[in-house]
Amino acid sequence: MKRFRRHGQESQRDRLKQELFQFNKTVEHGFPHQPSALGYSPSLQLLAIGTRSGAIKLYGAPGVEFMGLHDENAAVTQVHFLPHQVELVTLLDDNSLHMWTLRAHKGLSELMEIGRFTLTGPPGAPPSVTRVTAVLAHSSGELLLLGTEGGHVFIVEVPGFRELEERNISLDQVASSVPDDYIGRRNLEHIEALQENPVNPNQVVIGYGRGLMVIWDLEKQCAIQHIPATQQLESVWWAEDGGYILSSHSDGSYCRWMVSVEEVNEEEEEKSDIPYGHFPCKAISKIIQLPTQEGPPFLLFSGGMPRASYGDRHCITVIHSKTHVALDFTSRIIDFFAIREGPQHIGDPSALVVLVEEELVVIDLQTEGWPVIQTPYLVPLHSSAITCSHHVSAIPLKLWERVIAAGDLQSTHYSKRPWPITGGQNLAPDPPQRDLLLTGHEDGTVRFWDASGVCLYPMYKLSTAGVFHTDADPNDNMNQGTEGEWPPFRKVGCFDPYSDDPRLGIQKIHLCKYSGYLTVAGTAGQILVLELNDEAAEQTVEAKVVDLLQGQEGFRWKGHTQLDVREEPVLFPPGFQPFSLVQCQPPAVVTALTLHSEWKLVAFGTSHGFGLYDYQQKNNVLIKCTLNPSDQLAMEGPLSRVKSIKKSLRQSFRRIRRSRVSLRKHHVNNAAKLQEANARLEAELAEMELAPVQRKIEARSSDDSFTGLVRTIYFADTFLSDSSHNTPSLWAGTNGGCVFAYMLRLPPVEHRADEPVTAQSAKEIQLMHRAPVVGIVVLDGHGAPLPEPLEVAHDLARSPDMQGSHHLLVISEEQFKVFTLPKVSAKMKLKLTAVDGSRVRRVGVAWFGSSRSEDYGESGLVVLTNQGDVHVVSLPTVKLQVHYPCVRREDVSGIASCVFTKHGQGFYLISPSEFERFSLSTRCVVEPRCLVEVPLLSGSSTQRRPKPDVASSAHRNARQDGEDAEVLQEIQKSLEGDQTSFLENNVKSAVA
């Protein structure tokens, strides 16, 4: 009967776990790492970015996002949407082509790969024959023209990837069409560009690397004109009226060639223009020209800068009428395109979209001055390197609006026009709450992000550098070029990885969402306390020095010096303004930080000790040195760490030598030692029989380095002296497994500004295994974690139970241990390291709501280990509930960057510029839910893009006859089934 009852309880618990816990990686925030290709569909209004790791990402209106990953570990080199369809083609650097589609499933679109294809030449042919260098997605939506390194053009029917051998354009065909006085094998090298005639889809221009361009008629299968450029070709652009072709070249020139039935004379190349000559210039890698309804066209090109003076600049030049600007970007340009107005996207250019290595920049071409449009996604999180993160859930509306208002004042230089990429429909429900993600950066800034939904949107940026003297010149304005400067540069983009002073780096952040108080701590032992102010204010920030060594002799700090605080008043803009500064001595990195806005206290810790600061009275309350007398490494600072590593390596080799010598000396005692080892092994086996899933944790030496480093610090109103009187308290945990507890005496509210806060040492706990303490939580009489400061006062949490006994939960790297309060006697523990050998790296408390019942939920401890696994541990019973693989164990920086939310979600860096968002909760999931529909071809569009007489199929006829989207999807499904036969039977080369 007991066994049956226990089995019933277990099955009920399993059902409950399914209602509470579910692991999903939901969305990636930020800018793709190492982008390598850009594509755009005017009909879908979708942007596509390919990366060097083989990822393909699609973006439309804010909230419309898709992601796919190629199976091959190869870089995406080109992305092309099929016109007026929901398919796109990617080319990888392994020469494979991949077809992707946005397929509707249960009312939502999914990005799926539906085919792959690789050109194969005849036996014995060199790889260059089929190495694809240029791709043209024909306006019919049914053909791909593939130009190769060998100079051939292969024509492939899509989406089935069926090669139309009889229509291929071989090198010999082109050579026979070009006049003998121009032809030479060297002139028909690799194909650099393919462009279609905008008014006659039967004509394409084939641009060869050495400069020759040939206009080819797809229907008649012959060359109708050749253009004898002699400079190395970079790109080709066919004007919208079909009357002329622009070509750009490696010497920084571009040429205009008239398109006619008659042959072009070589003299016509003399019309070429070198915009930034006469000295040698870099290549113009891409050029486009777009007409306007009234007035001259827009000319846009990348590159072309004078090689000697500005060869290191990354520029796109925009010329319109008398306006000429060289947009100077922050990193290498990958690609660019222009968005045009109107339902047919043939109106005036409205925006220039530029993908560079480290960010996406969109320029408003319709507003005077061509300002930048703020991006709602793809924001470069790493504009300065991220050093820490802090998440705050359920922000009150008033604070939210004040932060937005402060951020709006920082965004006046952005264009007021709406975001121009509007494809797809965002079907995700409105976020249930307002969430903030705060990121600290190397340059001393803290950025506030709206993390409520799919888009991580920038709200506000706080800079702490103004408090200190730095090398930066406040009058240095990078955005304005000198009057009369040539080229006329204008700096655009916000990526700026260079820090004026690495000591400014933000290491810890804590925000109280109820009071608007914020505290941030940095690399050089600085702790700032800030308050949200809606008006600008000029004030002096005085530093309070805290000597954490407490007069201990024999220690000399070898690390960096502290930052110099400005003594004169500083004008701070609206937003968070510093009013108090604590400076730790030695100025080591701050490793722990917390704020109690109700008590007006800030607690902090470094590798030397911890302190308590009263920011209302601006006084130090408590200073405690935790430094181990044998720990000289803690005095060296991060800049001296290399010497210490060499020293520890030498010591390790010496220990190995000593152990070998001792083995030889004591060889005679081997028999006795063997018996001793056997006895020890039997004892361990007996222990394993008692606890079969656990293994013994070896105690660490007290001489280990950094034992005094403070890992966690925590405020609690609980029972320390006796079980009948609760009192405010401060808890600190160190790297050496020690927990310090202090009782705090706070004066009455009416005397809070006058009477001092005092601290009295109450408890000290030394964990037997001496593992670093990474978390401390006090549980109330019901076993629930204590609420945040001011949470009860704002009626957002129930008052903690002060009738039952409280418990202290100490989380070390290796185990979770529960102690009773106030006696501090061990009650229960869970040895995580003993179970699977992993160590705790990140920990947080979260609330998991049931997916079936709105009223039910449980608190749990969320843990990330050094193996990259996420565990949920029940409270107060400390039992493992679920665990999931989350981060690759080799990704040390990803594990170190992880931050948990209060509702079972988390963020970690998958690259310097991207956060991966994941969820452990069935109720709280933020993920893209969007739909992209097949665009309908209008009559005018069909007339403007007649179908070339190349091939026919049931698939094309269905689309030509205007069948609806459901029929199209059914055909695509059938095509997917036929992929294998297409690839096996029809992939051949036309090269003789």
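A quick note: this is a predicted structure, and the numbers were derived from the prediction, not measured.

Q: Any chance you could explain the overall build of the chain here in plain terms?
A: If you tally the helices and strands in the chain, you get 12 helices and 61 strands. Taking all 992 residues of the chain together, 53% fall into the buried category. At a minimum sequence separation of 6, the contacts of the chain that also span at least 24 residues come to 60%. Carbon and sulfur atoms provide 49% of the accessible area of the chain, an area that totals close to 45100 Å².

Q: Sorry if this is basic, but what is going on with the packing of aromatic side chains here?
A: For any two aromatic rings, the description comes down to two numbers: the centre-to-centre distance and the angle of the planes. Evaluation of the coordinates by the stated rule reveals 24 aromatic pairs. Taking the centre distance of 6.2 Å and the plane angle of 45° together, the rings of tyrosine 460 and phenylalanine 576 count as tilted. One end of the pair, tyrosine 460, is in strand β33 (residues 457-463); the other, phenylalanine 576, is in strand β41 (residues 575-585), with 116 residues separating them in the sequence. Under the relative-accessibility criterion, tyrosine 460 is labelled buried at 7%. Under the relative-accessibility criterion, phenylalanine 576 is labelled buried at 3%.

Q: So what exactly am I meant to see when it comes to the sheet that holds strand β52 (residues 815-820) here?
A: Strand-to-strand pairing in sheets goes through backbone hydrogen bonds, with the strands running parallel or antiparallel. Strand order in the open sheet made by the 4 strands is β50-β51-β52-β53, with antiparallel pairing throughout. The strands lining the two open edges of the sheet, one partner per strand, are β50 (773-779) and β53 (825-831). When strand polarity is set aside, the average angle formed by the axes of neighbouring strands in this sheet is 20°.

Q: It is not clear to me how the sheet that holds strand β12 (residues 153-157) should be interpreted in this structure. Could you clarify?
A: Pairing within the open sheet is antiparallel, and its 4 strands lie in the order β10-β11-β12-β13. The open sheet is flanked by β10 (132-137) and β13 (162-163), the only strands paired with a single partner. Direction of pairing for strand β11 (residues 143-148) relative to β12: antiparallel, over a ladder of 5 bridges. Bridge assignment links leucine 145 to a residue of β12, and that residue is isoleucine 155.

Q: Would you explain helix α4 (residues 397-409) in this entry?
A: In an α-helix, one turn spans 3.6 residues; hence positions three or four apart end up facing the same way. For α4, which comprises 13 residues, the first-to-last C-alpha distance of 19 Å matches the rise-based estimate of 18 Å (1.5 Å per residue) to within 8%. Along α4, the positions that sit buried rather than exposed are Leu399, Trp400, Val403, Ala406 and Gly407. Seen along its axis, α4 keeps its buried residues to an arc of 130°; they face one direction. What points out from α4, more than 90 degrees from its buried face, is the exposed set Lys398 and Leu409. Where α4 is buried, its residues touch β31 (436-441), β32 (445-450), β33, β37 (526-533) and β41.

Q: What exactly am I supposed to notice about the UniProt feature "repeat: WD" (unreviewed entry) in the chain here?
A: As recorded in UniProt, the feature "repeat: WD" (unreviewed entry) lies at residues 432-450. Span residues 432-450 is 0% helix and 63% strand, its end C-alpha atoms 13 Å apart.

Q: What should I look at first to understand empty space enclosed by the protein in this one?
A: It is the rolling of a water-molecule-sized probe over the atoms that shows where space remains empty. For the coordinates displayed, the defined rule picks out 3 cavities of 30 Å³ or more. Volume-wise, the largest cavity comes out at about 60 Å³. Surrounding the largest cavity, Glu28, His29, Gly30, Tyr59, Glu65, Tyr377, Leu378, Val379, Val454, Cys455 and Leu456 form its lining. Sorting elements by how many residues they give to the lining of the largest cavity places strand β1 (residues 21-30) first, with 3 residues. Here the residues of the lining of the largest cavity sort into 7 nonpolar, 2 polar and 2 charged. A domain-level breakdown of the lining of the largest cavity finds at least three residues from each of domain 1 (11-31 + 838-931) and domain 3 (432-468 + 498-625).

Q: So what exactly am I meant to see when it comes to the side chain of lysine 817 here?
A: Its place among the elements puts lysine 817 in strand β52. Of the buried charged residues, lysine 817 lacks a salt bridge, with glutamate 814 as the closest side chain of opposite charge at 11 Å. Those residues in contact with lysine 817 that lie beyond four places of it in its chain are Leu808, Leu809, Val810, Ala826, Met828 and Lys829.

Q: Help me understand the pattern of salt bridges, please; the structure alone is not making it clear to me.
A: Pairing between side chains becomes possible if they bear opposite charge and their charged atoms approach one another. Taken as a whole and assessed by the stated rule, the structure comprises 26 salt bridges. Aspartate 534 is the salt-bridge partner of arginine 402, the closest N and O atoms lying 3.0 Å from each other. Placement of the pair is arginine 402 in helix α4 and aspartate 534 in the loop between β37 and β38 (537-539), with a sequence separation of 132 residues. For arginine 402, a relative accessible area of 24% translates into the label partly exposed. The shortest N-O distance in the salt bridge between arginine 503 and aspartate 501 comes to 2.7 Å. With relative accessibility at 17%, the residue arginine 503 sits in the buried group.

Q: Just to check I follow, could you spell out the pairing of strand β7 (residues 87-92) for this structure?
A: Remark: a regular strand shows side chains that alternate across the two faces of the sheet. The buried count for β7 comes to 6 of 6 residues, which makes it a mostly enclosed element. Every second residue of β7 is oriented toward a common face, with Glu87, Val89 and Leu91 on one face and Leu88, Thr90 and Leu92 on the other, all of them buried. Sheet analysis places strand β6 (residues 76-81) next to β7, joined by 5 bridges and oriented antiparallel. Within β7, the position partnered with histidine 80 by the bridge is valine 89. Counting the residues that bridge the hairpin from β6 to β7 gives 5 residues, and of these histidine 84 lies at a positive phi of roughly 60°. Relative to strand β8 (residues 97-105), β7 is paired through 5 bridges, and the arrangement is antiparallel. Of the residues in β8, the one forming a bridge with leucine 91 is leucine 97. The hairpin formed by β7 and β8 contains 4 residues between the paired strands, and asparagine 95 there has a positive phi angle of roughly 75°.

Q: It is not clear to me how the environment of tyrosine 714 should be interpreted in this structure. Could you clarify?
A: Within the secondary structure, tyrosine 714 is located in strand β46 (residues 710-718). The class for tyrosine 714 is buried, based on a relative accessible area of 16%. Not counting residues within four places of it along the chain, the set of residues in contact with tyrosine 714 comprises Thr594, Ser729, Leu730, Trp731, Ile776, Val777, Val778 and Leu786. A distance of 3.2 Å separates a polar side-chain atom of tyrosine 714 from the backbone nitrogen of valine 778.

Q: Is there a simple way to explain the confidence of the model for the chain in this structure?
A: In low-pLDDT regions, the fine details of the predicted coordinates are not to be read closely. Across the chain, the average pLDDT comes to 85, with 83% of residues at or above 70. Predicted confidence for residues 639-643 stays below pLDDT 50, and this span has 3 contacts to residues more than four positions away or in other chains. Predicted confidence is poor over residues 681-696, with pLDDT under 50, and the contacts of this stretch with residues over four places away or in other chains come to 10 contacts.

Q: How should the side chain of glutamine 203 be read in this particular structure?
A: Position of glutamine 203 relative to the elements: it lies in strand β15 (residues 200-208). There is a polar contact of 2.9 Å between the side chain of glutamine 203 and the side chain of asparagine 197. Leave out the neighbours within four places in its chain, and glutamine 203 touches Gln195, Glu196, Asn197, Ile215, Trp216, Asp217, Ile224 and Trp238.

Q: What is the right way to look at the environment of leucine 246 in this model?
A: On the secondary structure map, leucine 246 appears in strand β19 (residues 244-249). Once the C-alpha coordinates of leucine 246 and arginine 256 are considered, the two residues, 10 residues apart in sequence, prove to be 4.7 Å apart. Residues contacting leucine 246, with those up to four places away along its chain left out, are Ser235, Val236, Trp237, Tyr254, Cys255, Arg256, Ile287, Gln289 and Leu299.

Q: Looking at this structure, I do not really get unusual backbone geometry. What am I missing?
A: Generally, phi is negative for residues other than glycine and the peptide bonds are trans, each holding for most cases. Look at the link from glycine 277 to histidine 278: it is a cis peptide, with omega at 15°. With respect to the helices and strands, the residue histidine 278 is situated in the loop between β20 (254-258) and β21 (284-290). Look at the link from glutamine 585 to proline 586: it is a cis peptide, with omega at -5°. Here proline 586 lies in the loop between β41 and β42 (592-596). For glutamine 34, which is not glycine, the phi torsion reads 55° and is therefore positive. For glutamine 34, a relative accessible area of 35% puts it in the partly exposed group. We note that phenylalanine 161 has phi near 55°; this positive angle belongs to a residue other than glycine. Using a relative accessible area of 0% as the deciding quantity, one classes phenylalanine 161 as buried.

So, how was this worked out
- The residue count restarts for each chain, going from 1 along the sequence in the order it is written.
- At least 70 in pLDDT is required for a residue's local features to be given in this predicted model, at least 80 for side-chain atom pairs to be given and counted, and no such filter applies to totals for whole chains, interfaces and linings, which use all residues.
- To obtain the side-chain values, all non-hydrogen atoms of the structure were included, while hydrogens and water were left out.
- Each helix is a run of H or I in the DSSP string that is no shorter than four residues. Each strand is a run of E no shorter than two, and both are numbered from the N terminus.
- Buried, partly exposed and exposed residues are distinguished by accessible area as a fraction of the type maximum, computed with a 1.4 Å probe on protein chains only: under 20%, between the cut-offs, and over 50%, respectively.
- Pairs of residues are marked as contacts when any of their non-hydrogen atoms sit within 4.5 Å.
- Where accessible areas are quoted, they stem from the Shrake-Rupley method and a 1.4 Å probe; at the residue level, only the protein chains shown are allowed to cover.
- Two aromatic rings from Phe, Tyr or Trp, using only the six-membered ring of Trp, form a pair when their centres are within 6.5 Å; if the ring planes differ by under 30 degrees the pair is stacked, by over 60 it is edge-to-face, and anything between is tilted.
- A pair of strands is treated as paired once DSSP finds two or more bridges between them.
- Note on geometry: axes are C-alpha line fits, over the in-contact stretch for helices, and angles between N-to-C directions span 0 to 180 degrees.
- Expected helix span is computed as 1.5 Å times (number of residues minus one).
- As used here, the arc belongs to the directions running from the helix axis to the C-beta atoms.
- UniProt positions are given in the numbering used here, feature names are shortened, and annotations may be inferred rather than shown by experiment.
- With a 1 Å grid spanning the protein atoms alone, the term cavity applies to any set of points in which a 1.4 Å probe fits but cannot get out, the term pocket to an open set with protein on both sides within 12 Å along at least five of seven lines, and the term lining residue to any residue with an atom within 4 Å of a point.
- Grid points are joined across faces, edges and corners, and a volume is the space filled by probe spheres set on the points.
- Residue type decides the class: Asp, Glu, Lys and Arg count as charged, Ala, Val, Leu, Ile, Met, Phe, Trp, Tyr, Cys and Pro as nonpolar, and the leftover types, Gly among them, as polar.
- These domain limits were set by an automatic method or by a database of domain assignments.
- His residues and chain termini do not enter the charge count, which takes Lys and Arg as positive and Asp and Glu as negative.
- Whenever a carboxyl oxygen of Asp or Glu lies within 4 Å of a side-chain nitrogen of Lys or Arg, that contact is scored as a salt bridge.
- Identification of polar contacts relies on pairs of N or O atoms within 3.5 Å, with a donor-acceptor requirement for protein atoms, meaning one able to donate a hydrogen and the other able to accept it, and with residues adjacent in sequence counted only if both atoms are side-chain atoms.
- Per-residue confidence from the predictor is reported as pLDDT, a score between 0 and 100.

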